[in-house]
Amino acid sequence: MKLPNGQTAFAGVLGWPVNHSLSPFIHNRWLEQNAVNALYLPFPVQPDALGTVLLALPKMGCAGVNLTIPHKEAALDLLDGVDETARRIGAVNTVVMRDGKTYGHNTDAYGFITSLKAADYCKDNALVIGAGGAARAVVTALLQDGFACVTVMNRTREKAEALKSLGRAVEVVDWQPVLPHADVVVNVTSLGMHGQPELSVDMKHLPPHAVVADIVYAPLETPLLVQAKAQGFKAIDGLGMLLFQAQAAFSLWFGINPEVTDELRQQVLKQREGV
Ligand code: ATR
């Protein structure tokens, strides 16, 4: 990496904690590959300091930041502007700084749908399992992509019902071990993550062309995806969503669409082992 000089710009990620973030690795690789004179840094920011930091950064030449836990929702009221997608999702994961002002975006929906596009899928109906913060981005992405029906299934049914406000095509079913028919199934719960119980479901009602996606990427192959592959379904892991949400953020800050390659995927996985 070239040493910084008087023209070096910067971007970063604000989180608490932030030390497990893979974003510095991903963005600094792209900055280097695209010969952009900038650095991307992790900033540990406590929840009560977010407002102060978002006021100061644009006045220090910062190009923009990503926001991660616990700042994504809190930022909505702290920015000069928030785009339609972020407002609808109710969370900001990318802030662009321009002329001393802050503008909020959400690139998670783009990240998810771009990652899903690695598969051919039918847009009749999707089943989203889970109804937390990530579910809002995934449901929004599926609706924007034109799915006729997006069914949400969550252990706590009221939280699934709340997602109906995202669009008329959203329906809710009770939590059940046998998955109902769906062209695309997405796990957005924390089940299947390292240290969590697995998501245990029966896929007998899925059609042969069904695509099963998981937004978890540690492990890369969750038990759900292993099961889906064993039954002949196309499986989409969570790393693509991470990389494509980063791609859209990079493009907003630096005006360059960086490449998401297999090589980058491998490097990020290797990096993850080290953090
Ligand atoms: P995120 O912002 O990453 O989506 P979250 O808001 O904490 O995280 O949401 C976690 C999701 O995982 C929720 O849908 C949660 O279900 P509840 O709404 O019923 O809590 C789901 N989840 C977590 N542990 C679960 C478990 N043991 N069984 C079923 N669902 C679980």
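Quick note: structure is the one above.
Now for a look at the structure at hand. (Residues numbered from 1 in each chain as written. Predicted model: local features only at pLDDT ≥ 70, side-chain atom pairs only at ≥ 80, totals over all residues. Heavy atoms only, no water.)

1. Description of the site of the ligand
And then number 1: Looking at the ligand, there are 13 residues lining it, with Ala131, Asn154, Arg155, Thr156 and Lys159 nearest.
And then number 2: A distance of 2.9 Å separates an oxygen atom of the ligand from a polar backbone atom of Ala131.
And then number 3: Thr156 is positioned such that a nitrogen or oxygen atom in its side chain is 2.5 Å from an oxygen atom of the ligand.
And then number 4: Protein contact buries 66% of the 640 Å² of open area that the ligand shows by itself.
And then number 5: Among the detected pockets, the ligand sits in the largest pocket.
And then number 6: Among the residues making up the shell around the ligand, the classes are represented as 4 nonpolar, 7 polar and 2 charged. (Near = heavy atom within 4 Å. Polar contact = N/O pair within 3.5 Å; in protein donor to acceptor, adjacent residues only side chain to side chain. Areas by Shrake-Rupley, 256 points an atom, 1.4 Å probe, with all protein chains shown as cover. 1 Å grid on protein atoms, 1.4 Å probe; cavity = no way out; pocket = protein on both sides within 12 Å on 5 of 7 lines; lining within 4 Å. Sits in = over half its atoms within 2 Å of the grid points. Nonpolar A, V, L, I, M, F, W, Y, C, P; charged D, E, K, R; others polar.)

2. Structural notes on the side chain of Thr140
And then number 1: Along the polypeptide, Thr140 turns up in helix α5 (residues 133-144).
And then number 2: Setting aside its immediate chain neighbours within four residues, Thr140 contacts Thr85, Arg88, Ile89 and Leu166. (Helix = DSSP H or I, 4+ residues; strand = E, 2+ residues; numbered from the N terminus. Contact = heavy atoms within 4.5 Å.)

3. Focus: the sheet that holds strand β5 (residues 94-98)
And then number 1: Strand order across the open sheet formed by 6 strands is β2-β1-β3-β5-β6-β4, with mixed pairing between neighbours. Sheet topology places β2 (38-44) and β4 (81-82) at the edges, where each strand pairs with a single neighbour.
And then number 2: Bridging between strand β1 (residues 9-15) and strand β3 (residues 62-67) involves 5 bridges; their strand directions are parallel. Bridge assignment links Leu14 to a residue of β3, and that residue is Leu67.
And then number 3: Taken strand by strand, helix α8 (residues 239-254) contacts β1, β2, β3, β5 and β6 (101-105), and its axis lies near 160° from that of β3. (Pairing = 2+ DSSP bridges. Axes fitted to C-alpha atoms, helices over the stretch in contact; angles between N-to-C directions.)

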